[in-house]
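Residue strings, one per chain:
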Number of protein chains: 4
Amino acid sequence: GNDAYIQQGADAIRTRQNLVKSLLAQRKWPELGWDEMSIELLLSDLAQMDSNNFPANIGAGEREARVYSDLVARRHFRMAHGIGRSGDIAAIQPKAAGSSLIMKLVNIMCLDVIRLAGVHAANACIALPLATGMAMVMTLLTLAQTRPPSARKVLWLRIDQKSCIKAITACGFEVVVVDNAIEGDEVRTDLSALQHQVNTVGKDNILCIVSTTSCFAPRCPDRIVEIAKICATESIPHVINNAYGIQSSKITALIQDAHKAGRVDAFVQSSDKNLMVPVGGALVAGHDRAFIKRIGEMYPGRASAAPSVDIFITLLSMGQQGFRSLLKQRKVVFEQLRAKLGAFAVSQGERLLETPHNPISLAITLSTFGSDATRLGSFLFTRCVSGTRVVAADRAAATTSVGPVSLSNFGAHHSAYHGAYLTAAAAIGMTEQEVDALIDRLTAAFKDLRAAMNQP
Amino acid sequence: GNDAYIQQGADAIRTRQNLVKSLLAQRKWPELGWDEMSIELLLSDLAQMDSNNFPANIGAGEREARVYSDLVARRHFRMAHGIGRSGDIAAIQPKAAGSSLIMKLVNIMCLDVIRLAGVHAANACIALPLATGMAMVMTLLTLAQTRPPSARKVLWLRIDQKSCIKAITACGFEVVVVDNAIEGDEVRTDLSALQHQVNTVGKDNILCIVSTTSCFAPRCPDRIVEIAKICATESIPHVINNAYGIQSSKITALIQDAHKAGRVDAFVQSSDKNLMVPVGGALVAGHDRAFIKRIGEMYPGRASAAPSVDIFITLLSMGQQGFRSLLKQRKVVFEQLRAKLGAFAVSQGERLLETPHNPISLAITLSTFGSDATRLGSFLFTRCVSGTRVVAADRAAATTSVGPVSLSNFGAHHSAYHGAYLTAAAAIGMTEQEVDALIDRLTAAFKDLRAAMNQP
Amino acid sequence: GNDAYIQQGADAIRTRQNLVKSLLAQRKWPELGWDEMSIELLLSDLAQMDSNNFPANIGAGEREARVYSDLVARRHFRMAHGIGRSGDIAAIQPKAAGSSLIMKLVNIMCLDVIRLAGVHAANACIALPLATGMAMVMTLLTLAQTRPPSARKVLWLRIDQKSCIKAITACGFEVVVVDNAIEGDEVRTDLSALQHQVNTVGKDNILCIVSTTSCFAPRCPDRIVEIAKICATESIPHVINNAYGIQSSKITALIQDAHKAGRVDAFVQSSDKNLMVPVGGALVAGHDRAFIKRIGEMYPGRASAAPSVDIFITLLSMGQQGFRSLLKQRKVVFEQLRAKLGAFAVSQGERLLETPHNPISLAITLSTFGSDATRLGSFLFTRCVSGTRVVAADRAAATTSVGPVSLSNFGAHHSAYHGAYLTAAAAIGMTEQEVDALIDRLTAAFKDLRAAMNQP
Amino acid sequence: GNDAYIQQGADAIRTRQNLVKSLLAQRKWPELGWDEMSIELLLSDLAQMDSNNFPANIGAGEREARVYSDLVARRHFRMAHGIGRSGDIAAIQPKAAGSSLIMKLVNIMCLDVIRLAGVHAANACIALPLATGMAMVMTLLTLAQTRPPSARKVLWLRIDQKSCIKAITACGFEVVVVDNAIEGDEVRTDLSALQHQVNTVGKDNILCIVSTTSCFAPRCPDRIVEIAKICATESIPHVINNAYGIQSSKITALIQDAHKAGRVDAFVQSSDKNLMVPVGGALVAGHDRAFIKRIGEMYPGRASAAPSVDIFITLLSMGQQGFRSLLKQRKVVFEQLRAKLGAFAVSQGERLLETPHNPISLAITLSTFGSDATRLGSFLFTRCVSGTRVVAADRAAATTSVGPVSLSNFGAHHSAYHGAYLTAAAAIGMTEQEVDALIDRLTAAFKDLRAAMNQP
């Protein structure tokens, strides 16, 4: 009778407790996603392990995680001590065993993410509570400790996005721009230009080479296998900015190959762009456990636990299975985008740029608009299309400064790229319905612009 | 009849809307705290302004704030774009007008906090989504851009806490330790030692002087007025680590005076330690608007909005009135702690160290325990007392390394401090009941230790 | 620049406000479901209209909706005044204009539900914060006010479920059982038995006839069209217990036809069983606006708003479109269940009972288990199968009492039904995967039972 | 090191688990209130025991607690099965062991509430998910089952509030009004009128006597001790409407005395008015365990768990200690209200009515306003004062109908009460600040009204 029902209920509690025990024991990313109830129970258990939630705690220090607003306390599941210690962002906090366990599990599961995505050569990963740019800063500053004092120049393969340049210059290092080559429609790494700069600058003056894998078409992922070989030969560190490359198996295969073929010290990726969490975290991964550990040890003081907790919840919620199916879906949606965008371009007297090496971003020409092409942006903006970019035709004469770095024809990744274009990406989480809606709005925006052009 | 009731309800909605309008119009920290309902309504309104929450949004970029877990989305009030742009952490994000408004308002209200607390000389404040250590890194790196390339040494007034040393060395700068003087029971700035180091190192080789205001007794806040004078005279930048000093009017008065008397480039404080939010943010404030602005412009890329949102909620919830009463309460509780801790010490054959210059932390001697004093820590730990620190007697022979810096008798702020002691602090939010409970547990822990010492 | 972004954000706010305005203006169930953010915003707006949330409210009465626990306040979106007034559950509360609006909108949208489901003859609907049994009590007590004092007997078409009998006897009325007929495998209304009872009891002694539409196979929905005709002819009220019949278009078509052909005073349905909300509400609907209104006016005092708020959220979240697709899905899943359960039965040497008139519930024989059939229940229980029912073979000799009513062979709806059987239903929200899992577990449980039977 | 921290965290989890174990083992209202975290953990554990949350559950019934909206599921902590079974509102549900446990614990703790408040004679209590009016309906219908069929009249001691009359008439019973006596300023039970009605109606025709304890001044709690004696002598059941009387020790002492001196079958109180939860529940308590149990068994079908869950959370949150201090505070605030309202009245040329027998509500005369007194209401309404009531001078000529019952001078509890007055109550949770604000607004409203009266 009643006892049997209560027993069955107790069994259900035990089933969930076993899920938790298994996570803590096996310390790996679960194959199957957890339901929200199970995740909340785990967070509650962990929160109870933080001293500010001890029923009997008395705090006589300067940092006791007293939280004024209950709304704030609740949104952090009552964990308030952040992560890290003064000496190491990856250290266990005595006052916050629960928060610390989350941080440890996140680092472990993030390595599982990196490997599942295809970079089996990775042996360590740290989830920093910093977005990609700042994660790059920490990586460069850590590298600098291993290099001669003269090594203050960073060879940077041009990609027209400001945050990487700023990361380098913020550290006080000098950016040496390595220009790209145009190959057909694609903008790609110019390996001979790179080798030339290595020779010119001199390896003792080079902190590292920074390459990029994820980028807007028609720029393509850098030739990182060949770059890794140069780095190995020349004994120059190599850092890959892989901002949103985890979501593409083509890109992760490149990174894996680069590790096999040559030198990669670290590759850095955004948690929000790959794992569908809010902005705020980055994963720094690499082959050399000691180097990745040192990045954590460089971190002065504590940090917000929020990015780690977001990743924690999300990875538990997805499970490996969920992530795999997101990766698969993205690939399908990318092909749909390519097909539909191509057909749309043709219908408009334009064409899809041929960029077979870029597996995430696509571009179509804007040749029929002349100098009005740049006006397309605002027509898309008012139709609530975000993320597309309009790049105007060759503006080699115009120069954009990012700190001390000057780049002509900024936005096109090359000072002399031919013609205006519009980019669009198929990022993780995009659906086929969104592709269709995008095409509809592009159609409308093109029409709007042509109408506007016809007006006196 | 019914119309009147509905009218009255509509009036209530309007009252809250006016609260919001007034905040957005006046852009200052409200005098009176808001209730949670009003805060949630404002957050909802702002969240709706972020493009990922537009009913009609289509995202075709690489970062579209798609959030996988609804639990994660909810805890961030559905804001996911973080703060900042690639070029500037304080810039408005096109995709996230609501998040950007929060960030702007937080910076404005944080300056109000700084001024309310007593530093009227401050003209600008930026809330960084980084804890104090990393905020110090950003401040030093920004300073470096204004200094000659030779200026790579930081004169650091010894305070035995690791994260500031790590901040300096993480940037690749060299720490020059300036030893303290012992004056009675107090450990204080040795101004002549400082002047000596300035002369020895040479000002062109000095990036800046880093002083500290909030610290554990018996170390006292640095003599920042005199230091500011030296900095002015010598044209050396001056950064104050004011980690938890906002909560003490004595300390903020010192900072105000230092601005009047000499040079202060920036002072850095923790949001969690002063504003009762979870770990993760810091306020960098200063007299020179342009310099503080440049710190934001140095920040490469975006960052988590979580620390800003926590501050936003908390400051609205407190109002100026609530913060003032917290400051007042802390002062009262500090006096209670001083009186009760002193009486307790006497009852145990010990005494309160005389540290009149430290307005937050206190210390009592542990002279009756000999070398067993250090065991006290674990007795307090098991009784759930956190935040107290036991510092053993003179260990000048022993040396602790923090990166490249070696310090003898680490923990005591001086290589030759006399005798063991225990510290306790009265930080913001502490209550009189907690002081009483602390004394009870100290009594029990002392008894435990004496019993343990008597066992063979 | 920034202004355009903020303008776009403000537009997004306005879009959601228009959704709210349109709901309040049009007062009908939206065609498209709302997202959670929009629903929460509406609830916040409405909550602000309740006096306990007025920033300036002073309460000097005995009921001022002060809520002790913030957790409780939050889960009710800070609405605490409940619904109704002392005189009428459907009246506007002066202190709670927001809660009252929800209640009004719920009643309106519930009528839309009833009509969308197929009962166009319904002109009024009231959502009572009572489950079906108590809603039946309120309906019968209201009916009684219109009947002669002698009318204290209720002709009840036998259905073996306790709560309807209890509803009748709780009111102090007498249950007159009208036995069913067996037709093939089906248990159906015996119209001549009903007419006989009408004649025997005498219409002035009859409060009403209570028929039932949703039931476990092999009982089928009552012949309510014919019953309605008898009620019309004899001037006897007719109440239909339509507990979970809204989800079946066959049943709603019957109810619609009954209205056309004869007399139906009210039909009562559960909110949880049809609308996927927690237990606690019922919809009482009918043709006669005045009668339905009188039920609300009978309700003494206030009541919990929770069931109404759950319905409110759910109907907004579904939209008419979402509900339609749930109804469609249920029909498909029912056919799958029929096919798979039938095939399973055959594979086990059993058969599906032929019950074409029951569109929700199905049954298979348990003829191969003899008296062990009843043991099947516990084998299904331990395999976490809920909702199936095992009915043992003919137990005409055994009698079950429900208050003053005695029924032989209780559970089978007829004192002499042939053979044991197992029922299973395809209710709203069931998925094809659940059907498959059910068949798997049935297979395992049958195997378990056969193994157990073979053991000595 | 780390192990010790994790151990300490695990100890903290265990401390909370012990709290839960102790509650489930001891089954009594905890002396000390729980923090929100502990309450949420308990709710999570209990929710997991409900079958709809079993990870492996398959539902093939008609009621499987599938919840469409996640927002709805969350606000019910994912419990959806409601409480009760078809046969008994207090029965354990097989599908919902967790929800059932809550309901059991609530009934136990509510009896603790009744006793703590002072009615030690109570041996049983059931928390019904119905507000007071409907709880009265259930009580009367249950009583009717024990009385002769002729007993269909309820002797009702006049109190001018509609829901009790409606409860009686909704059941189909006849209300026999027993008029009150005026004694000084007070309106009190006229015992001889009561005895007269008992004699006139005849006890076999009387279902019960309904008395009331909590009411607006100048009506006072009924003389329930003497009424109980009459009921004992005459063998007539006695039901006390104690709507908000639990909060007054004077009233609970009366109820206790009534049990000792005579007959009380049940006393009914609101959960929202006494326990600071949202409207929706009532506690029916009494001396006779069997009778209270029968009320639960009368309840047909299931019901919303929301009112029980609200009580559960609130009682755990308060603890006995918290409730005791609320009772104490109310007494203090009542005395403040009496003093300040009295002084205010004198300052306005009015006076406090002398109503020493009413421990919750007070009244002041409105003799200086003549027939304009009734206009005061709207002036208070626009100043956001709720809960006060303005009763106009003698309107014996005017008659109000509540169903079949007609009462002259409705609102004054007596057809010939002298003069207009304004009532105000000091209910549980009211604070001294609210009293002060009330006096301020009264002052302003009086001024407004006098100004309005002086205008042509």
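The structure displayed is predicted, hence computed values, not measured ones.

Observations regarding the sheet that holds strand β16 (residues 421-425) of chain B
Residues and elements named next belong to chain B.
- With respect to topology, 3 strands assemble into an open sheet ordered β11-β16-β13, the strand pairing being antiparallel. What marks the edges here is a single partner per strand, and that holds for β11 (361-365) and β13 (389-391). Sheet twist, expressed as the average angle between the axes of neighbouring strands with direction ignored, equals 25 degrees.
- Here β11 pairs with β16 via 5 bridges, running antiparallel. When the bridges of β16 are listed, Ile364 appears paired with Leu422.
- Contacting β11 and β16, helix α12 (residues 306-347) runs over the sheet at an angle of about 5 degrees to β11.

Some points on the packing of aromatic side chains
- Counted under the stated rule, the structure contains 20 aromatic pairs over all chains.
- Aromatic ring contacts, followed pair by pair, group Phe344, Phe369 and Phe446 of chain A into a single cluster.

Focus on the pattern of salt bridges
- Under the defined criterion, the tally for this structure stands at 100 salt bridges over all chains.
- Across the pair Asp35 of chain A and Arg16 of chain A runs a salt bridge whose closest N-O atoms are separated by 2.7 Å. Placement of the pair is Asp35 of chain A in the loop between α1 (2-26) and α2 (36-48) and Arg16 of chain A in helix α1, with a sequence separation of 19 residues.
- Judged by its relative accessible area of 34%, Asp35 of chain A falls in the partly exposed class.
- Taking the relative accessible area as the measure of exposure, Arg16 of chain A reaches 5% and is therefore buried.
- In this structure, the salt-bridge partner of Glu335 of chain D is Arg338 of chain D, at a minimum N-O distance of 3.3 Å. Of this pair, Glu335 of chain D and Arg338 of chain D both sit in helix α12 (residues 306-347), 3 residues apart, which is roughly one turn of that helix.

Topic: the interface of chain A and chain C
- Counting residues at the interface gives 8 residues for chain A, matched by 8 residues for chain C.
- Interface area, chain A with chain C, both sides summed: about 600 Å², of which 56% is carbon and sulfur.
- Counting the surface chain A buries against chain C, the share from its top three residues, Gln8, Arg74 and Phe381 of chain A, is 79%.
- For the pair chain A and chain C, the interface holds 2 salt bridges.
- Taking the shortest distance from any N to any O, the salt bridge between Asp70 of chain C and Arg74 of chain A comes out at 3.8 Å.
- Where chain A meets chain C, there are 2 residue pairs in polar contact (both at pLDDT 80 or more).
- Ranked by residues supplied to the side of chain A that touches chain C, first place goes to α1 of chain A with 3 residues.

What to know about the relation of the copies chain A and chain C
- In screw terms, the move from chain A to chain C is a rotation of 180 degrees and a rise of 0.0 Å along the axis, fitting with an RMSD of 0.0 Å. Both chain copies can therefore be described as sitting about a two-fold axis. Within chain A, Asp70 of chain A has its C-alpha nearest the rotation axis, a separation of 4.9 Å.
- Most of the interface of chain A is mirrored in chain C: 100% of its interface residues are interface residues there too.

Observations concerning the relation of the copies chain A and chain B
- Mapping chain A onto chain B calls for a rotation angle of 180 degrees and an axial translation of 0.0 Å; the resulting RMSD is 0.0 Å.
- A share of 100% of the interface residues of chain A reappears at the interface of chain B, consistent with the copies meeting face to face through the same patch.

With respect to the sheet that holds strand β4 (residues 174-178) of chain C
Residues and elements named next belong to chain C.
- Read from one edge to the other, the open sheet built from 7 strands follows the order β2-β10-β9-β8-β7-β3-β4, with strand pairing classed as mixed. Two strands bound the open sheet, and with one partner strand each, they are β2 (124-128) and β4. Sheet twist, expressed as the mean angle between neighbouring strand axes with direction ignored, is 20 degrees.
- Where strand β3 (residues 153-157) meets strand β7 (residues 206-212), 4 bridges bridge the pair, whose relative direction is parallel. Looking at β7, one finds that Lys153 is bridged to Ile206.

Definitions and cut-offs
Residues numbered from 1 in each chain as written. Chains lettered and ligands numbered in written order. Predicted model: local features only at pLDDT ≥ 70, side-chain atom pairs only at ≥ 80, totals over all residues. Heavy atoms only, no water. Pairing = 2+ DSSP bridges. Helix = DSSP H or I, 4+ residues; strand = E, 2+ residues; numbered from the N terminus. Axes fitted to C-alpha atoms, helices over the stretch in contact; angles between N-to-C directions. Contact = heavy atoms within 4.5 Å. Phe/Tyr/Trp six-rings, centres within 6.5 Å; stacked < 30°, edge-to-face > 60°. Salt bridge = Lys/Arg side-chain N within 4 Å of Asp/Glu carboxyl O. Buried < 20%, exposed > 50% of the residue type's maximum accessible area, 1.4 Å probe, protein only. Buried area = accessible area lost by both parts, 1.4 Å probe. Polar contact = N/O pair within 3.5 Å; in protein donor to acceptor, adjacent residues only side chain to side chain. Least-squares fit on C-alpha atoms with pLDDT ≥ 70 in both.

The values are spatial; any link to function lies outside them.
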